[in-house]
Structure formats: structure tokens, C-alpha cells
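What follows is the residue order along each chain.
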Amino acid sequence: MRYAARSDVGRIRAKNDDSAYVGRHLAVVADGMGGHAGGDVASAATVLDMLHLDHGDYNGDAITVLADEIQTANSLLSELVHINPKLAGMGTTVTSLLLAEGKLHFAHIGDSRAYRLRDGEFEQVSVDHTFVQRLIDEGRLRPEEAETHPHKNVLMRVLGDVDASPELDLDTLDVKPGERWLLCSDGLNYVAGHVVERTVRETKDLRECAETLVDLTLEAGAPDNVTVIMLEIVEETRDDVSTAAVDVIPPQLLTTESKPDITGETAGPAETPPAPKPVDEKPAAAEPADSAEPSASTDPHLGEHLSAEVLRLELASRPHELVGAAATAAETGSIPTIAGRTVARRAATVLTHKADAPEADADEILEPTKPRRWVTWSIAAAVLLVLTAGLWLGYAWTQTRYYIGEFDSRVAIYNGVSQRLGPIQLSTLEAVTDIRMDSLPQFSQQRVRQTVPARDLYDAQRIVKNLEGTGTIAPSDECLTAPPTTAPATETASPTGTATKAPATATSPAPSPNASNPAGATSPAASPSPTVVCEVGQ
């Protein structure tokens with residue numbers, strides 16, 4: 001590969017979450033996400049973890065190695081989140097090309113893109129793993145509507161701490177000398193597609209082409225970071241520098257006492273010291289890897305220095321370009337170690353905003369976490385107990401309530417409330433009356449079907465008796481205001497047009513035949529409801 005790369009933070013974002021690496025055999029673009037906490041960490045960690053693939057000898061297994069390495073990078077992000085919970089939710093896209101043994105191996109996840117110009121045909125090889133693209137594939141959205149869709153940036157697949165086995169798009173492609181590739185983050189989408197195509201076709205110099213594409217994005221407003229890799233496939237010559245990955249760590253680096261990572265495993269082979277040493281004391285000599293035992297380091301950042309040095313040596317061993325957050329991490333050396341990797345691979349583990357914790361904090365992290373787990377379980381048990389007690393008390397309260405409803409086309413009394421809590425019905429059938437629903441006026445039928453609450457069983461029986469006698473539902477507090485004595489009942493007209501009996505009080509005359517006050521009115525001057533409704537249960 002002949003190549004050029006450029007990354008820019010854009011005109012809106014405060015930091016660059018994009019990372020990219022390109023060399024003679026490997027090109028990878030990663031667009032991180034996760035806001036202020038970890039977008040840059042995710043992309044830089046992924047790119048730096050993959051750079052050792054920049055060689056061409058894979059014995060016919062290049063696509064498998066490429067896919068496995070991306071899966072490994074995904075697990076690396078989960079480890080980083082485990083070490084620093086503030087990074088939770090971070091993720092990154094990955095679009096990569098590996099040129100090996102006369103084939104071009106392609107791996108992709110997310111919405112970064114890969115374009116190819118070959119035999120005069122310019123096409124997008126990658127498929128966006130976005131919600132909008134799924135709508136297009138299903139025929140529910142036209143491609144021209146995608147750019148203005150409110151959810152155009154919603155990703156369906158990414159690397160991160162969410163999915164342990166992310167689904168990658170993989171392909172092995174035939175390759176021709178002279179074909180061109182453009183790998184870019186989605187920040188380039190703000191430049192019209194035909195402008196991008198024309199620039200790739202007409203700009204012969206790869207460096208100039210990459211610069212032009214980024215400048216066009218900045219002119220368009222660049223609301224997002226933008227990263228571009230331009231590469232061209234050419235015949236290899238004798239002048240090409242060997243790009244074999246660093247497999248052997250220089251012995252002088254292994255003489256440094258290695259620092260255990262936060263998970264408690266060593267970053268490399270080291271002799272266990274008999275006692276803690278001062279920071280400036282000379283390290284112990286290295287022992288073979290099979291005899292290595294976990295040991296505590298007196299320098300909390302020694303492992304980071306070792307990893308950064310190895311990373312710089314590996315980068316210096318081959319021609320390449322590293323841009324974006326990955327370049328910043330490599331320059332600053334803020335690379336903590338992660339267990340389970342060789343020293344060279346661990347050099348690719350990145351945290352670009354490490355905290356300078358004192359030695360006491362480092363020792364505290366290595367202490368057993370059982371007491372903290374005990375506290376966590378105790379709190380969880382207490383919360384569960386309170387929640388259970390609250391639910392039980394709430395259920396017990398519902399069983400003190402009653403309401404009138406319908407059962408088998410008849411008026412019925414229910415104990416509880418007419419609600420459900422998931423599969424649990426909060427009421428039970430108390431009694432079924434002989435009052436048929438179709439014998440009630442339409443309005444009363446509707447009220448009963450919607451359920452009529454009662455304060456207690458006595459109140460429920462009173463309402464049923466009133467329905468049986470008058471066909472209507474009296475106010476629930478009528479019995480409380482009923483007079484002590486009654487006069488003989490007089491016949492008045494009910495709202496339904498039927499005749500009902502309403503007793504008159506001893507201190508008030510019976511209503512005249514032309515009385516306008518309907519039966520069941522609650523005014524003190526009016527005739528109260530039939531006394532019979534207040535006799536129920538007495």
C-alpha cells in the first residue's frame with residue numbers, strides 16, 4: 001500500500017474521538033463514541049491493539065486473524081470499562097483492510113466507510129450498520145431521505161462493552177495494482193457524495209487528496225470529527241521497507257521490573273522481590289516467563305512507561321501513519337497495562353486520561369473486595385426487604401376496599417380494587433346479586449361496568465340496595481346525613497320516569513305534586529333517599 005492519512009477534530013467538537021493507522025499492509029479507521037468519557041479511549045485502544053497486524057505473512061489465514069483481532073479489541077474495551085467504570089457505554093466503529101498474500105481482507109462494523117475506485121468504477125464497499133440503513137434495506141425509506149432522518153446516527157452494531165461477540169462484516173477481495181481505496185469516519189458524510197468521488201478520481205497525489213477531503217469537510221461546517229485514509233495498491237519493490245511485526249521484545253526492556261495491572265496479574269515476567277523497594281532502587285533481573293509470579297511494583301506507572309516504550313519501538317520499525325486519538329496516546333505514553341497479553345500487545349492498551357493516583361490508592365485497589373461485596377449484598381437485601389414489605393402492605397390495603405361491578409350479566413360485589421399488578425388480580429368476587437344488568441337504566445349500567453367504589457362492605461351493600469330499589473347509585477355519604485325519623489313516603493318521579501317512594505322528614509312537609517327536585521337529591525331541603533338503603537347490614 002501507498003498511503004496518506006489525516007484527522008481533524010472539526011469545528012464543533014472539543015476533542016477528537018477518531019483514530020486511524022495505515023501502513024504497507026494494514027489500514028484501519030475507528031470512530032469512537034461515548035461522549036466526554038471514552039470515545040477517544042475506545043478508538044485509540046482498538047487501533048493500537050491492531051497495528052501489529054501490519055505484515056503480509058499469514059499462511060492463508062489472514063481473514064481469520066483479522067476478525068479474531070477485532071474481537072480481541074472488543075474484549076479489551078470491556079477490560080478497560082471494568083478498570084474504570086466511568087468509561088461504561090463507550091464504543092467504536094472499525095473499518096479495516098489487510099493486504100496479505102495477494103488478497104485484500106476486509107472487516108467492518110459500524111458506520112465508518114470504505115470506498116474503492118477500480119477500473120473506473122467508484123463504489124462503497126462497506127454497509128452502514130445504522131437504523132436508517134436497515135430502513136432502506138427493508139424498503140421503508142428512500143436513500144435520499146436518509147441524510148435528513150432524525151435517527152440517522154443511531155448505530156445498530158459497534159465494538160464496545162455491550163456485546164461480547166459483535167457481528168462483523170468480513171470479506172476477502174481480489175486486488176489489482178492501481179486500485180484506490182478511501183477509508184473514512186462518518187464526519188466525511190457532510191461532503192456530498194459526488195464531490196467525494198470526483199476528488200478521489202481527479203486528485204492523483206494521495207496526500208493532496210486526503211488533505212482536500214478534510215478541507216472540504218471543514219468548509220461544510222465539520223460538526224463532527226473527520227478522519228480520512230487514502231491508499232493505493234502498487235507492486236512491491238526491493239526498496240520497500242520490511243513490515244514484519246515485532247515478535248521479540250528487546251532484552252533490555254525485560255530487565256525492568258514489570259508492574260501488575262489492576263486485575264492483579266503481571267504485565268511481564270519479573271522476579272518476586274523479598275520486600276518492597278523504594279522507587280529509585282534498581283529492578284531485579286528477569287526470570288523465564290514460566291517461573292513468573294505476580295509481584296507488586298513500587299512505581300505505579302512503571303508498566304505504562306514500559307508499554308509506551310515498546311509501542312514506540314514497534315511503530316519505529318515500519319513506515320506508517322498514525323493520526324487522531326491514537327497518535328495522541330502514543331505521544332503522551334498514557335498506556336496502562338492489561339493482563340493476558342504479551343508485552344508488545346499490552347503496549348496497545350490505551351487510557352488517554354489516566355489519573356495520577358498516589359501509591360496508597362494503588363495498594364488499596366489490590367486489596368480483596370469481599371468487604372465491599374458484603375456491603376453491597378447487605379444493601380441489596382435491605383432494599384429487597386423494604387420493597388417486599390411495601391408491596392405486601394399495599395396489597396393488604398387493597399383487600400380492605402370494595403367495589404360494585406358486573407359478573408355474568410349481574411350486579412356483583414368485589415373485595416379489593418379493580419386493578420391488576422402484572423399477573424396478580426387485586427380483587428376477588430365477594431357476592432353476586434339477583435339484579436340483572438339489563439334491568440338497570442343505561443346510565444347505571446355504564447357506571448356499574450366502570451365499577452363503583454365503596455368504602456367498606458356495608459357501603460357496597462347499601463349501593464346494591466339502592467340499585468335494586470331505585471335503579472340509580474346514591475352518593476356514598478347519604479346514610480351519614482339521613483334524618484332520625486321519617487314521615488310516610490310520597491311518590492315522586494325518578495330520572496328514569498318510574499315512580500319511587502321517598503319518605504319525608506318529620507319536620508318538613510311532603511313535597512307537592514309539582515315538586516321539581518328529583519328523587520335522590522342530597523340538599524337538606526329535599527327528600528332523602530329511601531331509608532331502606534341505610535338499613536342494610538344494621
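The coordinates are above.
Now for a description of the structure that goes with this document.

### Notes on the pattern of salt bridges
Link 1 in the chain: Going through the model one piece at a time under the given rule, you end up with 22 salt bridges.
Link 2 in the chain: The salt bridge involving D17 is made with K15; its shortest N-O contact spans 2.4 Å.
Link 3 in the chain: The shortest N-O distance in the salt bridge between K176 and D119 comes to 3.1 Å. Taken together, the positions of K176 in the loop between β10 (169-174) and β11 (180-184) and D119 in the loop between β7 (113-118) and β8 (121-124) put the pair 57 residues apart, joining distant regions of the chain.
Link 4 in the chain: In this structure K176 comes out as partly exposed when scored by relative accessible area, which is 35%.
Link 5 in the chain: Among the charged side chains, a salt-bridge network with shared partners connects R6, D8, E211 and D215.

### So, unusual backbone geometry
Link 1 in the chain: Look at N59: it is not a glycine, yet its phi comes out positive at around 55°.
Link 2 in the chain: Within the secondary structure, N59 is located in the loop between α1 (35-50) and α2 (62-83).
Link 3 in the chain: In this model, S409 sits at a positive phi of 65°, which is unusual for a non-glycine residue.
Link 4 in the chain: Positionally, S409 belongs in the loop between β14 (402-407) and β15 (410-421).

### Notes on the sheet that holds strand β12 (residues 226-232)
Link 1 in the chain: Pairing is antiparallel in the open sheet, where five strands are placed in the order β1-β12-β11-β7-β8. Pairing within the sheet leaves two strands with one partner each, and these edge strands are β1 (2-8) and β8. Taking the axes of each pair of neighbouring strands and ignoring which way they run, one obtains an average angle of 15° across the sheet.
Link 2 in the chain: The sheet contact formed by β7 and β8 spans four bridges and is antiparallel. Counterpart to R116 in the pairing with β8 is E123.
Link 3 in the chain: Across the sheet, helix α4 (residues 193-202) lies against β7, β8, β11 and β12, angled at about 130° from β8, the strand it touches most.
Link 4 in the chain: The strands touched by helix α5 (residues 206-219) within the sheet are β1, β11 and β12, with β1 carrying the most contacts at an inclination of about 20°.

### What to know about the environment of E211
Link 1 in the chain: Relative to the assigned elements, E211 resides in helix α5.
Link 2 in the chain: For E211 and A4, which are 207 residues apart along the polypeptide, the C-alpha to C-alpha distance reads 8.9 Å.

### Description of the packing of α4 against α5
Link 1 in the chain: The geometry of α4 relative to α5 is characterised by a closest axis approach of 9 Å and an angle of 160° between their N-to-C directions. By the angle between their directions, the pair α4 and α5 is classed as roughly antiparallel. For α4 against α5, the interelement crossing comes out right-handed. Across the interface between the two elements, V195, V196, T199 and V200 from α4 touch C209, T212, L213 and L216 from α5.
Link 2 in the chain: Its residues assigned to classes, the contact of α4 with α5 shows six nonpolar, two polar and no charged.

### Here we look at the environment of S126
Link 1 in the chain: Note on placement: S126 falls in the loop between β8 and α3 (131-137).
Link 2 in the chain: A residue is classified by how much of its surface remains accessible, and S126, at 4% relative accessible area, is buried.
Link 3 in the chain: Separated by 13 residues in sequence, S126 and R113 have C-alpha atoms that sit 5.6 Å apart.
Link 4 in the chain: The residues touching S126, leaving out its near neighbours within four places in the chain, are F106, H108, S112, R113 and A114.

### Here we look at helix α13 (residues 457-470)
Link 1 in the chain: With 14 residues, α13 extends 20 Å between its outermost C-alpha atoms, agreeing within 8% with the 20 Å of an ideal straight helix rising 1.5 Å per residue.
Link 2 in the chain: Those residues of α13 that fall on the buried side of the exposure criterion are D459, A460, R462, I463, V464, N466, L467 and T470.
Link 3 in the chain: Near the N-terminus of α13, the side chain that reaches the backbone nitrogen of Y458, with its oxygen 3.3 Å away, is that of D456.
Link 4 in the chain: Once α13 finishes, G471 follows within two positions and takes phi at roughly 80°, a positive value.

### Comments concerning the side chain of S427
Link 1 in the chain: With respect to the helices and strands, S427 occurs in strand β16 (residues 424-436).
Link 2 in the chain: The class for S427 is buried, based on a relative accessible area of 10%.
Link 3 in the chain: With sequence-adjacent residues up to four places away left out, S427 is seen in contact with Y403, Y414, N415, G416 and V417.

Cut-offs applied
- Residues numbered from 1 in each chain as written.
- Predicted model: local features only at pLDDT ≥ 70, side-chain atom pairs only at ≥ 80, totals over all residues.
- Heavy atoms only, no water.
- Salt bridge = Lys/Arg side-chain N within 4 Å of Asp/Glu carboxyl O.
- Helix = DSSP H or I, 4+ residues; strand = E, 2+ residues; numbered from the N terminus.
- Buried < 20%, exposed > 50% of the residue type's maximum accessible area, 1.4 Å probe, protein only.
- Pairing = 2+ DSSP bridges.
- Axes fitted to C-alpha atoms, helices over the stretch in contact; angles between N-to-C directions.
- Contact = heavy atoms within 4.5 Å.
- Parallel < 35°, antiparallel > 145°, perpendicular 65-115°, else oblique.
- Left-handed = near helix turned anticlockwise from the far one by under 90°.
- Nonpolar A, V, L, I, M, F, W, Y, C, P; charged D, E, K, R; others polar.
- Expected span 1.5 Å × (residues − 1).
- Polar contact = N/O pair within 3.5 Å; in protein donor to acceptor, adjacent residues only side chain to side chain.

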